[in-house]
Every structure is written in structure tokens, then in C-alpha cells.
Amino acid sequence: MSELTDAGRVVRVNGPLVEVTGLRDVAALDVVEVGPLRIPAEVVSIRDGRLTAEAFEYTGGLRVGDVATSRHRPLSARLGPGLLGGVFDGLLRPLDVGPTWLGPGALVEPPSVATWPFRPAPLDLGTLLGPGALLGTVSVGGGFEHRVLVPPRGKGTVTWLAEPGTMGEDETVAIVGGHSLHLAEDWPVRRARPVRARLRHFAPLVTGQRVIDLFFPIAHGATAAVPGGFGTGKTMLLQQIVKWADVEVVVFVGCGERGNELADAMADLGALRDPTTGTSLRERTVILANTSNMPVMARVASVYTGMTVAEYFRDMGYRVVVLADSTSRWAEALREFSSRSGELPAEEGYPASLSSSLAAFYERAARVTTLGGKEGSVTLIGAVSPGGGDMTEPVTAQTERYVRCLWSLDRDLAYARHYPAVTWRHSFSLDDATIANWHATQGRTGWVEARARALSLLAEADRLSSVVELVGLGALPARERIVLLTGRLLREGVLQQSALSENDTFCSAAKQSALLDMVLAVHDKCLALVEGGLPASAVEEFDLTIVTRARDETGPDDAEGVDRLRDEVLARIGSQA
Amino acid sequence: MSAVEPTRSGAPSELHIPLEYSGAARVGGPLLAIRGVEGVGWDEIARVRLPSGEVRYGLVLEVSGDVAIVEVLQGTSGVDPDLVTVAFEGRPFDIPVGDGWLGRVWNGMGEPIDGGPPMLARERRAVNGSPLNPSQRDVPSKPVLTGISVIDALATLVRGQKLPVFSSAGLPHLELAAQIAAQANVAGENFKVVVAGMGLTHTDAAAMRQVLETRAASGDLVLVLDTADDPVVQRVLTPRVALTIAEYLAFERDQHVLVVLADVTSYCEALREVSAARGEVPGRRAYPGYLYSDLASLYERCGRIRGRAGSVTLVPVLTMPGGDITHPVPDLTGYITEGQIVLSADLHAQGVYPPVDVLATLSRLMRKGAGEGRTRADHVPLAAQIIASLSRARAARELADLIGAEALTETDRIYLEFEDAFYRDLVNQSSDESRSMEGTLDRAWRVLSVLPERELTMMPAASIAAYYHGALPKGTRRTNAPLGDHASTPAAPGESHG
Ligand SMILES: Nc1ncnc2c1ncn2[C@@H]1O[C@H](COP(=O)(O)OP(=O)(O)O)[C@@H](O)[C@H]1O
Ligand SMILES: [Mg+2]
């Protein structure tokens, strides 16, 4: 075998699979650059000095004999103040300054010319600092306070701190323990950034979407999966959360999905204002776009990169949500990857490691005490695209086991234009008790009971409607006919929520409760009437459009408006009876 | 095996001087293995010459040491491994680009099949294209009008959208595809159509050519035809040739381009066959695991680019094997495209053309292409109201089938009449009839006017005042007419009933 040097040679190319010999000092998962365009590739195996690597770009034209060099480090993300408001590919290379067509070599990590106003923290030189300690702040768009911290592996006494002023990413902000710390840091994306402690889930992440907040709530730091066939509303639901989630930072990972959708999301976010800061929602969002026609291997990286960016902001003490659309495309990329490298396939051709890869990914979400002692969280919500709508396929089945919340989207609901098409039959939240407690501490003591009643009425209405299909409505006792009626009111007046309606695209917690209370009050009233002898058919003739239209006809936070409508409809029912 | 003394040859005008190798070490399926090669790049094009002088093209599938595996587009039948010579071109498979494609008929590789001269142009583009930077995309907007009522009214096609037709064997999807290609327009702006037939029978190909004759004669149409007896590897290139032509016309020549691809299922079968020949690990139903990404590399080539005038709009047509929408081809297509137009065997059996199953059909981008300033202000709620009403009608029909028509309320019965009117007066049209948008919306209102006004809960009052029942004189508006009045064709605009 020939001698190992810093310049290896390509010996085999088969699509993204590239084999290299003669390169020294390379560890598994290091990045090598191949060919004249210096295409990055990740080393997946090393055998007798022969490296097998998976290229992150199209390898057309790459030849046997082309040069390969090592970066001597695994795939890493450059984490700094330029992230918020940006659009990047799966390797965190900026797209907004890239060319129109993305051939190999088109995207580069450009020399960062941007500068930022840095303000040092009030620190005495000579202080001993640990990882996560605050060195200073940078104010980026929208008044967001970007905190510059001692990186996870740094510590020591601070011997120098930069003066206030503008500086670039690669400039030194401080010297700690003899090391210069820069404004930006690099982190290997496949490794979770360390924390001091993981905390129990506590408060809900409010999405403004009733079916989630009321029925299947998610806690800050928890995980949710959104499985659904095509057109059932996964992307819409995720994008609603991008817009309305009560977090400081949003990371959206468009993983193997549509380009038009991303363009649309970017336009939408640019147009919406953050109610607290008054700046556009784009300014709190980092978009990672690896659309379905972009190189498959970068798709694998994109979810890890997105998670790393989120952890970086979490470490500053912020609440972050990561939305991955779609994790199935990531899993498929893993499958392609493993089948090319000759791994033995397990179920449906997926690698046997699928389950552990999913678990490791979802486990990176958490509510934590950071190394610097602050509280922060990363909440992770992943869309799942089951092939043929089959919920038993491996990615869906494996994912379900690792998430705290499951929001299953139902094709029949979507066909009936019941949006969001989250089915109350096959969805769950394991944090419902935690969140019930939280609501109680906020004075909403009725939340638990109202939710439980609504869920059981929905279930009963479902059961009854299958009975009606067999025997007709007339055969049911009056009380059950009212349950059917209430089921419809819950679906149309509470669960359905149009993302396109100005009044209803977001719904505050107070309005959510008011809407639910209204339906339950109407239910009680109607029940009382039939128990008092009024025929169910007469109740069914009541005009209850007030109830179903209330969500759309009152403002997003107008709980009093809903209460007024409730009183009005109760009074009318009273007079009609 | 064979000797492999590289001999230099090649055209002096080109920078790259291809190396020519004689003899292949191995031939199998569409693949040739050439030994002793040097400096051959992955995915570049190879020119395979037979002793007869015949030239075939191939793509480099793998290079390993001094061996190159070449996939021959026209297949390897008749190839004697000892007697072939192979030259590597040092570039990917590319085609000339320019206006010369228009008005002509080509095979799946871009060679003329209409007796005309080959396409020549200085500029060339690789048929694989490159991914469009998503941050430079512009959101699709404004409609492409097809002149087909059910599509224009209820599933409006938007410039830059990909909207497939899901069909089954025996349904008139090719007829519909040809009709769309023949009639589509963008209200007077620059417009071109590229049609790629993939795996078509000769009969279907001939029918397609005939329907598109007028449009071809006007120089607005490119027809790329790969027929069922063409080699499968070539079929894999066909849509790429079509899309490369379309991208050039759209983004370098400011045209709105509609691309119709039919039949994508034949394309996917070709891909499966090629994948099997390569010995790849099969995924669902033996399609390759990368079928999703491969389809995306076609479908995502539509769109708009910020700062450029043109657009590429894509209508892929596919047949669902056994009518199964969960089959990988429609399923993965649905995951990539922006909605779907679904054809129904039942409606076809009832003689409805085009037999569109409206409740399963959706144009996700409709809001961006329809409405005020694009089609008409009442259009979007009108479509929503019709679809909601059809869904109610279907529920009523199912109930009637289950427990008898007596179980229906009077309102339910009106809905059934509405459904009949819908298919009769809005959907049904002949395959050579093109309707104006205005005419289509008027028909939609005529159909909707079968329902009593109180049922139109999704319509703004202003639209009802303007269009409901056309211009009936005041006082004759029937908000709750007796049933019998609806039995005949509802009032046409301007007609008065009392
Ligand atoms: N919450 C919603 N409000 C209104 N329309 C919705 C909603 N969710 C989904 N839709 C409709 O469904 C279509 C498909 O939704 P999408 O999120 O793109 O599906 P998926 O990502 O599951 O394929 C959208 O284009 C929209 O018309
Ligand atoms: Mg989606």
C-alpha cells in the first residue's frame, strides 16, 4: 500500500459514494473534500486505509485520481450572530447570497464580512469563568439579545475582554484560560451540546391552535410527531406553529420537501409582525432549506444542523422550537445512505439503526438548566410522511414510541376539509396532566374538566354516528341525539380552525376556553330541554350557527366576545324552546 | 479480456478530446464495463460505436480504479463486447437549447422524428439541470387557464405549480392531457407548451400528435415522444429533456411554459427496470428506494424565479396501478406535487367527461391563482361552496343507498339535484371545447342556484346579490322553492322564472 499523505486520491465514484486512498489522519465521520470543486463528503467507514465517504453534493464529473483532502474534523456548524433571519442549506451554508442554480461548488461558507455591535458583560479581569458564562451581548435585528458565552468546552480565568464596538465573527471577544474566544464558534452537528441538568416539563408551549392547546398540549422541551398522508395538513400545521408558538427562537428545517412552500413561508413570515417586538417574524426564525431536489446527503445533515442551532440559542437561556418537515425524508436519506454502503437492510429497506437514530434525535429536545445556569428549552416537532398513509410503516411506528405528543392527521377529516385534520381518536399528549396542573396554577381550574368532558363527548358522538349509519337517527334516544349534535358543534365550533382566517388563525388560551365552555353550556341547555320533554328533533332544528361561527367572528383574543355570543345563543335557545 | 490501448480521436473544435477505448470487458443488461480507462468522470456521457457504424449513447454509472461502468441508453442488444469502441465526452448528457425545439416532434433523446433537421445551437444545458435555490423562488401566482370548467373552476392551475392527474387504466387521461396541452393559455401573455410522452403506445402517440397539430403549427409547442417500444433507459431521460427545454424557455426567454408529462407510471417502471439491472436494493413494491428523490428531481423543476418573467408549470399524468392511490407512484407524487386531479372510473362509466372526482381533487395553490385581479372576486368562495355542497350531496346519496330515499329530508333531495346539475352543466364538456373563465364561473353559479339561498353559507352577500340566479327580476327569487321547480335545468342567467 502506498504511503499516506495529506492529499489522498479518489479511487471509486458511484453517485454520492466516493472511495479514497492515501489520506492520513482521518477519523470516522470526518469531512473530506474531493475533486477540483472540493465537494464535502462525510467519511462513513475506513478499511485498510481505504475511506468510504458520502458526498454532500452531486459528484458528476468526479474522476478516479482526483485529489482528496481532510478537514480533520466532523461536520460542524458555524454558530454566531448571523443566524436569525437567515436561510441556509443543510450544511448551514447561506442560500440567500447563493446563486440561482445550485450546482456542486455553488454554495460556500463565505468569508464573513458582516460585523456586529458587541457589548462586553460587566466582568472583572481575573474572574474564573466556566462554560456557559456570559461574555457579552450582541444586538441583532428586532432587539433580540444575542448572548456570547464561553463555549461548552472552555473555562479558565478571563485575562482580556473586548471593548464595546463592532466586530466580525472571527474576532476575539475574550481570552479565557489562555484561549482566544471568538464571536462565533464551531460545533459538530451530530453531537448534542451539553447541559448542566435536564428539567421536568412544566409549562405548555402555546401554539394558538385549539386542537393542540386544548386537547393534546405540548410542553416546552417536549417532542411531538405529526404523521399524515399527503395533503392532510402537516406543513400547514407546522407553519402555524412557526408563526404563533410562544418561544423566542424558531428553527424550521425544510427537509426534502417543496421549494414553493419555503418561498411561501418566507414571504409570510416576512409580512407578519411579532406582537412583542414589532419586527417581522422572519427575525426570530432560522430557516434550513434542503428541498427534495437538493442533494440527498445534505438532508441527513440538515436535521442535526437544525438541532445544533436550536441548542445554541437554548444555551443562551431561550425557549426554542425546532420544526422538521419531514423526518421521513431524513429517514429515507438514511436508507439510501446505508443501502449504498452495503449495510444489511431491515424492515422496508431501512437500516436496523433507524430506531436508535430516531431516538437519539428526539432525545436532544429538552427543558434544561444550561451550563451557564440559565433555563432554556428546545421543543421538537417533526412531520412524518407515512408511505401510502400506512401508519404501521417503520418510520411512523418507531417515531411514535419516542415522542411525548402524537398529532395524527386523518385523511377523511382532510377530505371533508376539517382542518387542522388532527384526529382525536389516534392522538395523544403524555404531558396533559403536567399541563393541567399548570393551568390550575394560572387560575384556569375548569380546564381539566372541560377538556375531559369534550373528549368523552367526541368519542361518544363517534360511536353514535356509526350506530346511526345502521339504524337511522330516529332510533336513538333523545339524550344521545343531543350528544351527536354536540359532537358536531365541538368539531365545527372548536376543533376546526382555518389557518387562512384572519380572526381564527391564532386563538388565545382565554378564547379557547371560552369557545369550549360555550359548546358545553349549549350542550347542557339542550340536554335539559329534552329531559324536560322537548322532542330532540325540535332541538336539532335550532339555528346554532352562532356557535359554529363564533371562532371566526370574534377577534383572536376576544374571550368576552365569545361569552357574549354564548349568552345570546343560550337566551335564544331558551326562547325557541 | 480485450485489449485497451487508448487511442486519441475527437473533434478538434471541442476543448475536450475524448479518449476512445476499444472493447468492453463485460456486457449485461444495459451495462457495459470498460477496462483500462483513465480520467473518466462519474455521470459523463459515453459514445458507443458499433462496427456497423451505429452510434449509441451511454452514461457512466460508476468509475472504480481503471474500470468504467456505462449504461447504454439504447440498450446493448447487438453489442459485441470485442467490437465496440467507447469514447468518453467529458461532460454530462446535455442538449442544445434555443427556440429551434418549437413546432417540432422529437424522440426521448431529443432527436428529430418529424423528418426535420436535428436541433443545433451553440448553447447546451445538462438535462439533469441543477436545483433551484429555494431562497430565489417566487411564490406561484396567477392562473394558467385550461378552458376545462371543472379544473378552472374548482382546481385552478397556477403558474409555477405542479398539479398531477391521477388516473387508472381505461380512463381518458391522455385525452385530457392533450386537451390541456392544446387549450391552455395565460390570457395573452407569452406562452409555450412542452409535452413529453413516456412509454406511449403508437396509437396514443399518433392521437396526441393529431390533437396538438394546430398548436404545433403555430410554433408554440414542443412534442417529445418516447414510445412503449423505445429502450427503457431512454425513457428515464425523456422528461429531463423536456424540462431542460422548458426551463430555458421560461427562465431565459421569459415564457410561461406548461409541461405535460404522460405517463409518469411508465417512467417509474422504466426506472425500476434500470435499477434492477444495476442490482440496487429495492424498496416498496420493488421500486428503488430513491424513487421519491428521483421524482422530486423532475417535479421540483417547475416554479418561478424572483426577478424573471417566465414560469414553468407542470402537469404530470399517471395511471394508478389497479386504481390504488396508495401505490408508490401516485403516493410519492402526491407528497411532492401541490395537489392532484383525480379521475374516477364511476364517473367515466356514467359518461361524464372529464370524469374528475371533485372531492378527491385539490389544487393547493388555488388561492394564489384565483380571486380578485386573477380570475374573479367570487371565485374562491364559489369553489369552496360547491365542494362543500357536493360533499353534502354525497353524504345524502350514501344515506339514500343505505336506508332508502324516504330517509332523506327535502333539503337533502335538493342537494341530489344540485349534484346532477353539477355534472351535467358544469363538468361535462367535449374534449375539443374550450370555455372562457367567465363562462365557467357563470355555469358554476347556474348550478349553485339549484340550492336555496340559505344553503350558501360560505358565500359573501355581495356575491350572492351579484350572481345568484343570474339576473332574476326582484321578487321572483326563490330562496326556498318547492321541489318540482328544480327538476328541469335551472335558470340560465338572464332567464326569468316565476
Ligand atoms: N389549518 C388549515 N387551515 C386551512 N387550510 C388547511 C389547513 N391545513 C391544511 N389546509 C389545506 O390543506 C392543504 C394541504 O396542506 P399541507 O399542510 O400542505 O399538507 P401536507 O404537508 O400534509 O401534505 C393546504 O394547501 C390547505 O389548502
Ligand atoms: Mg407538507
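None of these values were measured; they are calculated from a predicted model. Just so you know, the residues in each chain are numbered from 1, in the order the chain's sequence is written. Ligands are numbered from 1 and chains lettered from A, in the order in which they are written. With pLDDT at 70 or above as the cut-off, local features in this predicted model cover only qualifying residues; side-chain atom pairs require 80 or more to be listed or tallied, and sums for whole chains, interfaces and linings still use all residues. With hydrogens and water excluded, all non-hydrogen atoms of the structure serve as input to the side-chain values.

Novice: Would you mind showing me how to read the overall build of chain B here?
Specialist: The secondary structure listing takes helices from DSSP runs of H or I that are at least 4 residues long and strands from runs of E that are at least 2 residues long, numbered from the N terminus. Counting its regular elements, chain B contains 14 helices and 22 strands. On the principal axes, the C-alpha backbone points of chain B span a range of 95 × 45 × 40 Å. Buried residues are those whose accessible area, probed at 1.4 Å on protein chains only, stays under 20% of the maximum for their type, while exposed residues exceed 50% and partly exposed ones sit between those limits. Burial status across chain B gives 58% buried among its 498 residues. Throughout, a contact is declared for two residues whenever any of their heavy atoms are within 4.5 Å. Counting only contacts in chain B whose residues sit at least 6 apart along the sequence, the fraction spanning at least 24 positions is 70%.

Novice: Help me understand the overall build of chain A in this model?
Specialist: Within chain A, the secondary structure is distributed over 15 helices and 26 strands. The C-alpha radius of gyration computed for chain A amounts to 27 Å, which stays within 12% of the reference 25 Å derived for 577 residues, consistent with globular compactness. Here the C-alpha coordinates of chain A stretch approximately 95 × 55 × 40 Å along the principal axes. Counting only residues that meet the buried cut, chain A has 58% of its 577 residues in that class. When contacts within chain A are restricted to residue pairs at least 6 apart in sequence, long-range pairs at least 24 apart make up 69% of them. Throughout, radius of gyration means the C-alpha value; the globule benchmark is 2.2 Å times the number of residues raised to the power 0.38.

Novice: Would you mind going over the pattern of salt bridges with me for this structure?
Specialist: Residues and elements named next belong to chain B. Each reported salt bridge corresponds to a side-chain nitrogen of Lys or Arg within 4 Å of a carboxyl oxygen of Asp or Glu. Counted according to the given criterion, the structure contains 74 salt bridges over all chains. Between Lys-192 and Asp-220 there is a salt bridge; the shortest N-O distance is 3.4 Å. Taken together, the positions of Lys-192 in strand E16 (residues 191-200) and Asp-220 in the loop between helix H4 (213-217) and strand E17 (221-227) put the pair 28 residues apart, joining distant regions of the chain. Among the residues examined, Asp-220 registers a relative accessible area of 22% and is labelled partly exposed.

Novice: Is there a simple way to explain the interface of chain B and chain A in this structure?
Specialist: Accessible area lost during the coming together of the parts is what is often quoted as the interface size. Contacts between the two partners involve 63 residues from chain B and, on the opposite side, 63 residues from chain A. Buried surface at the junction of chain B and chain A, summed over both partners, amounts to about 5,000 Å²; 52% is from carbon and sulfur atoms. Across the salt bridge formed by Glu62(B) and Arg12(A), the nearest N and O atoms sit 2.7 Å from each other. Side-chain atoms alone can form a polar contact between residues adjacent in sequence; in general such a contact is a pair of N or O atoms within 3.5 Å, and within protein one must be able to donate a hydrogen while the other accepts it. Linking chain B to chain A there are 30 residue pairs in polar contact (both at pLDDT 80 or more). At the level of secondary structure, the elements contributing two or more residues to the side of chain B that touches chain A comprise strand E6 (55-64), strand E12 (137-138), helix H5 (232-252), helix H7 (291-299), helix H8 (328-336), helix H10 (366-369) and helix H11 (379-403) of chain B. Examining the composition of the side of chain B that touches chain A, we find that five residues originate from one element, H8(B), more than from any other. Any residue outside Ala, Val, Leu, Ile, Met, Phe, Trp, Tyr, Cys, Pro, Asp, Glu, Lys and Arg is labelled polar, Gly included; the first ten of those are nonpolar and the last four are charged. Residue composition of the side of chain B that touches chain A, by class: 28 nonpolar, 20 polar and 15 charged. Strands are treated as partners if at least two bridges between them are detected by DSSP. As judged from the two bridges shared by strand E1 (residues 8-14) of chain A and E6(B), these two strands associate in the antiparallel manner. Counterpart to Arg12(A) in the pairing with E6(B) is Ser64(B). Buried area: the sum, over both parts, of the accessible surface (1.4 Å probe) that disappears when the two are put together.

Novice: Is there a simple way to explain the site of ligand 1 in this structure?
Specialist: Taken together, the neighbourhood of ligand 1 is formed by 14 residues, with Gly231(A), Lys234(A), Thr235(A), Met236(A) and Arg364(B) sitting nearest. For each residue, the test is whether any non-hydrogen atom lies within 4 Å of the molecule or strand; if one does, the residue is near. At ligand 1, the nearby residues belong to more than one chain, namely chains A and B. A distance of 3.4 Å separates an oxygen atom of ligand 1 from a polar backbone atom of Thr232(A). Surface accessibility in these figures is a Shrake-Rupley result with a 1.4 Å probe; residues are shielded only by whichever protein chains are displayed. For ligand 1, the protein covers 91% of the area, taking 560 Å² as the surface of the free molecule. Ranked by residue count, the leading element in the shell around ligand 1 is helix H2 (residues 234-244) of chain A, at three residues. Partitioned by chemical class, the residues of the shell around ligand 1 number four nonpolar, seven polar and three charged.

Novice: Which parts of the structure should I look at to understand the sheet that holds strand E15 (residues 165-167) of chain B?
Specialist: One key point about sheets: their strands pair by backbone hydrogen bonds, in either a parallel or an antiparallel sense. Residues and elements named next belong to chain B. A sheet is described by the order of its strands in space; here eight strands give the open sequence E10-E17-E16-E18-E20-E15-E21-E22, paired in mixed fashion. The sheet is open, and its two borders are formed by strand E10 (104-107) and strand E22 (362-363), each paired with just one other strand. When strand E21 (residues 339-342) meets E22, the two strands line up antiparallel, connected through two bridges. Pairing of Gly-339 across the sheet is with Ser-363, part of E22.

Novice: What's the story with the domain arrangement of chain A in this structure? I'm lost.
Specialist: Residue and element names in this part refer to chain A. Split into domains, chain A comes out as domain 1 (7-74), domain 2 (79-93 + 114-188), domain 3 (197-370 + 403-441) and domain 4 (447-576). Placing a centre on the C-alpha atoms of domain 1 and another on those of domain 3 gives a separation of 32 Å. On the domain 3 side, the residues contacting the nine residues of domain 1 number seven residues. Taken together, both faces of the contact between domain 1 and domain 3 bury some 650 Å²; the carbon and sulfur share is 71%. The start and end points of each domain follow an automatic or database-based domain assignment.

Novice: Explain the sheet that holds strand E14 (residues 165-168) of chain A to me, please; I cannot follow it from the model alone.
Specialist: Residue and element names in this part refer to chain A. Strand order in the open sheet formed by four strands is E12-E11-E9-E14, with antiparallel pairing between adjacent strands. The open sheet is flanked by strand E12 (145-149) and E14, the only strands paired with a single partner. Strand-to-strand twist across the sheet, computed as the mean angle between neighbouring axes with direction ignored, equals 40°. In terms of strand pairing, strand E9 (residues 115-120) meets E14 through four bridges, oriented antiparallel. Within E14, the residue paired with Pro-117 across the bridge is Thr-166. To get an axis, fit a line to the C-alpha atoms, keeping to the stretch in contact for a helix; angles then go from 0 to 180 degrees between the N-to-C directions.

Novice: How should I be thinking about helix H3 (residues 259-271) of chain A in this particular structure?
Specialist: In an α-helix, one full turn covers 3.6 residues, which means residues spaced three or four apart are oriented alike. Multiplying 1.5 Å by the residue count of a helix minus one yields the expected span of that helix. Relative to the 18 Å expected for 13 residues at 1.5 Å per residue, H3(A) spans 19 Å between its end C-alpha atoms, a close match to the ideal helical length. Buried residues along H3(A) sit in contact with strand E8 (87-88), H2, strand E20 (249-255), strand E21 (285-290) and strand E22 (319-325) of chain A together with E12 of chain B.

Novice: Where do I start with the domain arrangement of chain B in this structure?
Specialist: All names here are of chain B. Partitioning chain B into structural domains gives domain 1 (19-92), domain 2 (96-369) and domain 3 (379-497). A C-alpha centroid distance of 31 Å is found between domain 1 and domain 2. Tallying the contact residues gives twelve residues for domain 1 and eleven residues for domain 2. Taking both partners together, domain 1 and domain 2 bury about 910 Å²; carbon and sulfur atoms supply 68% of that area. The three residues of domain 1 that bury the most area against domain 2 are Glu-71, Leu-73 and Gln-74, which together make up 48% of that side's buried surface. Our enumeration of links across domain 1 and domain 2 arrives at one salt bridge.

Novice: Explanation requested: the confidence of the model for chain B in the structure shown.
Specialist: Close reading of the predicted structure is inappropriate where its pLDDT is low. All names here are of chain B. Overall, the prediction assigns chain B a mean pLDDT of 89, with 91% of residues at 70 or greater. Known as pLDDT, the predictor's per-residue confidence is scaled from 0 to 100. Note that pLDDT drops below 50 for residues 1-14; the model gives that stretch 23 contacts with residues more than four away or on any other chain. In the predicted assembly, ipTM is 0.91 and pTM is 0.92.

Novice: I would appreciate a short explanation of the environment of Ser389(B) in the present structure.
Specialist: Residue and element names in this part refer to chain B. With respect to the element layout, Ser-389 can be found in helix H11. By relative accessible area, which is 1% here, Ser-389 ends up buried. Taking the C-alpha atoms as reference points, Ser-389 and Gly-373, 16 residues apart in sequence, are found 26 Å from one another. Not counting the four nearest positions on each side in its chain, Ser-389 is found in contact with Tyr-415, Phe-418, Leu-448 and Leu-451.

Novice: What is the right way to look at H7(B) in this model?
Specialist: Within H7(B), eight of the nine residues are buried, which leaves it mostly tucked inside the rest of the structure. The inward-facing, buried residues of H7(B) abut helix H4 (296-315) and helix H5 (327-340) of chain A together with H5, helix H6 (264-277), strand E20 (311-319) and H8 of chain B.

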